[in-house]
Amino acid sequence: MRISNPPDASSLMATARSFGNYDLAAALADLIDNSIRAEAKKVSILFEPVEKDVVVRIRDDGMGMGRDELVAAMRPASANPEDPRELNDLGRFGWGLKSASLSQARVLTVVSWRGSESTAAIWDIDNLEDWSMELLVGDDALKLLGAPPTSNSGTEVIWSRCDRLLDQDISSTLDEQLNEKISHASKQLSLIFHRYLSGDAGNKLAIEMQGYVLKPIDPFMSHHPATQTVDEDQIKLRGKEEITVQPFIIPHFSKLTVEEREMLGGDEGLVRNQGFYVYRNKRLIIYGTWFRLMPHGELSQLMRVRVDLPNTLDKDWKITLDKSDAQLPVVLRTGLKELLRKFGKRSVSANRRRGVELTIDRKEPVWKRVAYNGRIRYQINRDHPFIWELIAESQDSEIAREALKLIESYVPTEAMIKDREDNQLEQVQAITDPEIFEVLIDACFMACLRQTGRQPTLNEFLEFANKMEPFSSQWKYSESYIKNNLKEKWSLV
Ligand SMILES: Nc1ncnc2c1ncn2[C@@H]1O[C@H](COP(=O)(O)OP(=O)(O)O)[C@@H](O)[C@H]1O
Ligand SMILES: [Mg+2]
């Protein structure tokens, strides 16, 4: 005997909200995937605060959907994940539109238009009654849009009653929370879709977030003159499907401007974001991991490896529903490990000349603590702008370099330790003489000009100076000195 045993509508949809592990950026990214497949040139995302809630509108100028297509698209599990997909298809499970949206909102409205035909469909988590869905056509559908259509065809996805988007905790205001969310998601999207935003993926896509056009964040700085590439390599899986692996050795931090460092570091800092960057159809799905093939650490810090997967390999990589994660197929482990070993040697040698820095933060100290063959050495930081200047400006830079080495070799360590033990050591570090201070901060400003290549703003300069000794170690004084005496002198705004 067979009986029908369908799922309970509200329970299944409530479960669908927690499929995957969407955050705002991942949810938006899933909708943008759909827009890309619909050949959109532009996606604009708007957040409208409405009383204590927020309405999010994600609009594209893609090919849109007719009535039947929209109904099919709104159907939960609208496609079989095991079916083959077109090569440029970024979807997989037939759930994205629904689960991504409902992960943030209780109501999902989709309005789609094509020529004179327009249709809207609404899923409301709190009003599901046996899978019945609200459907509107013509003007009734268009009325739901935030603004009249400006393209011949397109789709607007609307999230409302966004109970998962904002915390109800009232320690920060709705606006603050929203701004923070938007700024975080913007960065993520700039990275996830950087190859579409820059046009490297073929069709160029513009993404607008709250009216701002997102700029691509290229984690390899592939257009930076100091970035090195190693030859592309292909790893073949099952004979025909190809994975392309392209390692990049990004420039040493000292060659980067403040903005570039900031951009490369992402949220978690320069070292953490090394590793593989895995793209599925040129869309970033996972980054900053070595899949435990290589430990995170100093040696590999300058290397990032781009891995390009076609969507035919989803099964092997166990792509998750929210596309935020993938697992390294066993067949690939050996191949990648071998590649890493080969490339790793280069990354290490790019670093060796400097020794391996033990303190990696973005401050420019005067002294660096460096490990050489298992021992610690203190070195004068040649990248410190003043030292750099000293070498560059001296009559004979070779002699300047030798002089620095001499100082490093004859640091009176023993005597200092002894004097310190006897409480005899007077450490003269703070610069209290305003005249000397002014000379130094002038030089610091010049270094900042050189690095940014233009007039910095007050905040940019403050940030720059705060990364450099001696200003960083007496910051209160430096900050007020800059604000009170120097702001006007250099017309900083
Ligand atoms: N912005 C859009 N423009 C045109 N069609 C869309 C759009 N978003 C979704 N669709 C249609 O809805 C279907 C279901 O989308 P989705 O739930 O994300 O699953 P999947 O992307 O895995 O197919 C898509 O296959 C597509 O046909
Ligand atoms: Mg999809």
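Residues numbered from 1 in each chain as written. Chains lettered and ligands numbered in written order. Predicted model: local features only at pLDDT ≥ 70, side-chain atom pairs only at ≥ 80, totals over all residues. Heavy atoms only, no water.

Draft legend 1. Molecular detail of the overall build of the protein chain. When you go through the protein chain residue by residue, the secondary structure sums to 16 helices and 17 strands. Looking at the protein chain residue by residue over its 493 residues, the buried ones come to 46%. The contacts in the protein chain between residues at least 6 apart in sequence include a share of 64% that link residues at least 24 apart. Summed over all atoms, the accessible surface of the protein chain reaches about 26500 Å², with 51% contributed by carbon and sulfur. (Helix = DSSP H or I, 4+ residues; strand = E, 2+ residues; numbered from the N terminus. Buried < 20%, exposed > 50% of the residue type's maximum accessible area, 1.4 Å probe, protein only. Contact = heavy atoms within 4.5 Å. Areas by Shrake-Rupley, 256 points an atom, 1.4 Å probe, with all protein chains shown as cover.)

Draft legend 2. Representation of the nonpolar core. Within the largest apolar cluster, 49 residues are counted, with the highest numbers of intra-cluster contacts made by Leu28, Ile45, Phe47, Trp159 and Phe193. Counting residues per element, this core draws most heavily on helix H2 (residues 24-37), at nine residues. Residues Leu462, Met468, Phe471 and Trp490 belong to the second largest nonpolar core, which totals 21 residues. (Core = buried A, V, L, I, M, F, W, Y, C linked by side-chain atoms within 4.5 Å.)

Draft legend 3. Broad picture of the pairing of strand E14 (residues 303-309). Of all seven residues in E14, seven are buried; the element is thus mostly enclosed. Of the two faces of E14, the one lined by Met303, Val305, Val307 and Leu309 and the one lined by Arg304, Arg306 and Asp308 are each fully buried. As paired elements, strand E12 (residues 275-280) and E14 share six bridges and run parallel to each other. In the strand pairing of E14, Phe276 is matched with Val305. (Pairing = 2+ DSSP bridges.)

Draft legend 4. Local environment of helix H3 (residues 67-74). Every buried residue belonging to H3 is among Leu70, Ala73 and Met74, and all of these are buried. Taken around the axis of H3, the buried residues stretch over an arc of 95°, which confines them to a single face. The inward-facing, buried residues of H3 contact helix H4 (96-102), strand E3 (107-114) and strand E4 (117-124). (Arc of directions from axis to C-beta.)

Draft legend 5. Broad picture of a nonpolar patch on the surface. Residues Trp367, Ile376, Tyr378, Ile407, Val411, Met416 and Leu425 make up a contiguous nonpolar surface patch of about 600 Å² in total accessible area. If you trace the backbone, Ile407 turns up in helix H12 (residues 397-409). Assessed through its relative accessible area of 48%, Ile407 is described here as partly exposed. (Patch = residues over 30% accessible without salt bridge, like charges linked within 9 Å, V, L, I, M, F, W, Y side chains within 5 Å. Salt bridge = Lys/Arg side-chain N within 4 Å of Asp/Glu carboxyl O.)

Draft legend 6. Expanded view of unusual backbone geometry. Between Glu469 and the following residue, Pro470, the backbone shows a cis peptide bond with an omega angle of 5°. Turning to its location among the elements, Pro470 is positioned in the loop between helix H15 (458-465) and helix H16 (475-489). Its identity as a non-glycine residue notwithstanding, Glu51 has a phi of 50°, on the positive side. Along the chain, the position of Glu51 falls in the loop between strand E1 (42-50) and strand E2 (53-60). According to the relative accessible area criterion, Glu51 is exposed, its value standing at 79%. One non-glycine residue, Lys282, lies in positive phi territory at about 70°.

Draft legend 7. Spatial organisation of the packing of aromatic side chains. The full count for this structure, using the stated rule, is eight aromatic pairs. Judged by centre distance (6.4 Å) and plane angle (45°), the rings of Phe220 and Tyr279 are tilted. Here the residue Phe220 occupies a position in the loop between strand E8 (212-213) and strand E9 (228-229), and Tyr279 occupies one in strand E12, the gap between them amounting to 59 residues. Exposure remark for Phe220: the relative accessible area of 1% places this residue in the buried category. By relative accessible area, which is 0% here, Tyr279 ends up buried. Note on Tyr477 and Tyr481: the rings are 6.0 Å apart at their centroids and 40° apart in plane angle, and the pair reads as tilted. With Tyr477 and Tyr481 both in helix H16, this residue pair falls four residues apart, about one helical turn. Each residue in the set Phe220, Phe248, Tyr277, Tyr279 and Tyr287 is aromatic and connected to the rest through ring pairs, giving one cluster. (Phe/Tyr/Trp six-rings, centres within 6.5 Å; stacked < 30°, edge-to-face > 60°.)

Draft legend 8. Seen up close, the packing of H2 against helix H6 (residues 174-192). As a packed pair, H2 and H6 sit with axes 9 Å apart at the nearest point and diverge in direction by 50°. Between H2 and H6, the angle falls in the class oblique. Considering how the two elements wind past one another, H2 and H6 form a crossing that is right-handed. Seen from H2, the contacting residues are Leu24, Ala25, Leu28, Ala29 and Ile32; seen from H6, they are Lys181, Ala185, Gln188, Leu189 and Ile192. Residue composition of the contact of H2 with H6, grouped by class: eight nonpolar, one polar and one charged. (Axes fitted to C-alpha atoms, helices over the stretch in contact; angles between N-to-C directions. Parallel < 35°, antiparallel > 145°, perpendicular 65-115°, else oblique. Left-handed = near helix turned anticlockwise from the far one by under 90°. Nonpolar A, V, L, I, M, F, W, Y, C, P; charged D, E, K, R; others polar.)

Draft legend 9. Region of interest: the packing of H15 against H16. Axis separation between H15 and H16 bottoms out at 11 Å; the angle between their running directions is 145°. The hand of the H15/H16 crossing is right-handed. Contacts between H15 and H16 involve Leu458, Phe461, Leu462 and Ala465 on the former and, on the latter, Trp475, Glu479, Ile482, Lys483 and Lys487. Per-class residue counts for the contact of H15 with H16 are six nonpolar, no polar and three charged.

Draft legend 10. Quick peek at the pattern of salt bridges. Scanning all chains against the criterion turns up 23 salt bridges. Between Arg59 and Glu156 there is a salt bridge, with its nearest N and O atoms 2.7 Å apart. Placement of Arg59 in strand E2 and of Glu156 in strand E6 (residues 153-160) is noted, with a sequence separation of 97 residues between them. Judged on exposure class, the residue Arg59 and its partner Glu156 are both buried. With its nearest N and O atoms 3.1 Å apart, the salt bridge here joins Arg106 to Asp163.

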